[in-house]
Amino acid sequence: MTAAPPAEPGRTDPDGGKPRPRAVAILAGVALVALLADLLTKHLALAALSDREPARVLGGLVYLSLTRNSGAAWSIGANYTWVFPLITIGVVGWIVWMALRLRSLPWAISLGLVLGGALGNLMDRIFRAPAPFHGHVVDMISVFGPYGEYFPVFNLADSALVCGVLLAVLLELTGRQRDGGRAGRDGATADAGATADAEQRERA
């Protein structure tokens, strides 16, 4: 019987270069749910909140207030609307590249949230008025005040983006790798399965 070759340094398993189908499926599913939820809420907001005063929810903790934003938060970069679609396309491309080796389910959820949120706002930039790649994003959620006095008015795509980024930061801080391994204190990638195989080979 021929012993299995040892894993390469930093490689969690012999198939570490291939994506795990389940992880990729979860990434795509989370992105699709986030995108559809964003599109639905924007459609409902345009139908119910146009030409109306903000709706008070949860005793004034949240207001539903329809706005159209040509820039980022607090209308930053409002005169450079065309830049945001290009940035978003770059982010989408980066996530697709990351998916080529994605094996971690938590990272799949994180990247799926970011991808869904990015696509939601990208569709506004491309397809909404006043022009392609200059479209204004539909926002409708304002907290603590009806017109974004204390925090920028946002939408579900923004929420998905923020949640995805926060989850990614948490995964990085806890050493979880996108290939399914986990970085130890010395920075090396640890994998329980690979470690157990190595111990078995030593005892053989």
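Here, every reference points to the structure presented above.
Residues numbered from 1 in each chain as written. Predicted model: local features only at pLDDT ≥ 70, side-chain atom pairs only at ≥ 80, totals over all residues. Heavy atoms only, no water.

Engineer: Hey, could you run me through the environment of tyrosine 147 in this one?
Structural biologist: Among the structural elements, tyrosine 147 can be located in the loop between strand S3 (137-143) and helix H4 (156-173). For tyrosine 147, a relative accessible area of 53% gives the class exposed. In the structure, tyrosine 147 is positioned 82 residues away from serine 65 in sequence and 6.8 Å away in space, judged by C-alpha atoms. Discounting residues that sit within four places of it in the chain, tyrosine 147 has contacts with Glu53, Pro54, Ser65, Ser142 and Val153. At 3.1 Å, the side chain of tyrosine 147 forms a polar contact with the side chain of glutamate 53. (Helix = DSSP H or I, 4+ residues; strand = E, 2+ residues; numbered from the N terminus. Buried < 20%, exposed > 50% of the residue type's maximum accessible area, 1.4 Å probe, protein only. Contact = heavy atoms within 4.5 Å. Polar contact = N/O pair within 3.5 Å; in protein donor to acceptor, adjacent residues only side chain to side chain.)

Engineer: Before we go on, may I ask you to explain the pattern of salt bridges in this structure?
Structural biologist: Pairs may arise between side chains of opposite charge once their charged atoms sit close together. Applying the stated criterion across every chain, the model contains 4 salt bridges. For aspartate 38, the salt bridge goes to lysine 42, with nearest N and O atoms at 2.8 Å. Pair noted here: aspartate 38 and lysine 42 are both in helix H1 (residues 21-49), with a separation of 4 residues, about one helical turn. Across the pair glutamate 172 and arginine 178 runs a salt bridge whose closest N-O atoms are separated by 3.1 Å. Classification of glutamate 172 by relative accessible area gives partly exposed; the value is 43%. Judged by its relative accessible area of 27%, arginine 178 falls in the partly exposed class. In this structure, a network of salt bridges that share partners links the residues Asp38, Lys42, Asp124 and Arg128. (Salt bridge = Lys/Arg side-chain N within 4 Å of Asp/Glu carboxyl O.)

Engineer: Can you walk me through the environment of asparagine 79 in this structure?
Structural biologist: Tracing the backbone shows asparagine 79 in the loop between strand S2 (62-69) and helix H2 (83-99). Residue asparagine 79 is classed as exposed on the basis of its relative accessible area, which comes to 70%. Each C-alpha atom of the pair asparagine 79 and histidine 134 lies 9.6 Å from the other, and the pair is 55 residues apart in sequence.

Engineer: When you look at the sheet that holds S3 in this model, what are you seeing that I'm missing?
Structural biologist: One key point about sheets: their strands pair by backbone hydrogen bonds, in either a parallel or an antiparallel sense. One open sheet holds the 3 strands; their spatial order is S1-S2-S3, and the pairing between them is antiparallel. The open sheet is flanked by strand S1 (55-57) and S3, the only strands paired with a single partner. Going across the sheet, the axis of each strand differs from the next one's by a mean of 35°, ignoring polarity. With 6 bridges joining them, S2 and S3 adopt antiparallel strand pairing. Note that in S3 the partner of leucine 64 across the bridge is isoleucine 141. (Pairing = 2+ DSSP bridges. Axes fitted to C-alpha atoms, helices over the stretch in contact; angles between N-to-C directions.)

Engineer: Would you take a moment to explain the packing of aromatic side chains for this structure?
Structural biologist: To describe a pair of aromatic rings, one takes the distance between the centres and the angle between the planes. Throughout the structure, instances matching the rule amount to 1 aromatic pair. Consider the rings of phenylalanine 151 and phenylalanine 154, whose centres lie 6.1 Å apart with planes at 90°: the pair is edge-to-face. Note on phenylalanine 151: relative accessible area 41%, which makes it partly exposed. Given a relative accessible area of 16%, phenylalanine 154 falls into the buried group. Across from the ring centre of tryptophan 107, 4.6 Å away, lies the NZ or CZ of arginine 178, which sits over that ring. (Phe/Tyr/Trp six-rings, centres within 6.5 Å; stacked < 30°, edge-to-face > 60°. Lys NZ or Arg CZ within 6 Å of the ring centre and 35° of its normal.)

Geometric values such as these leave the question of function open.
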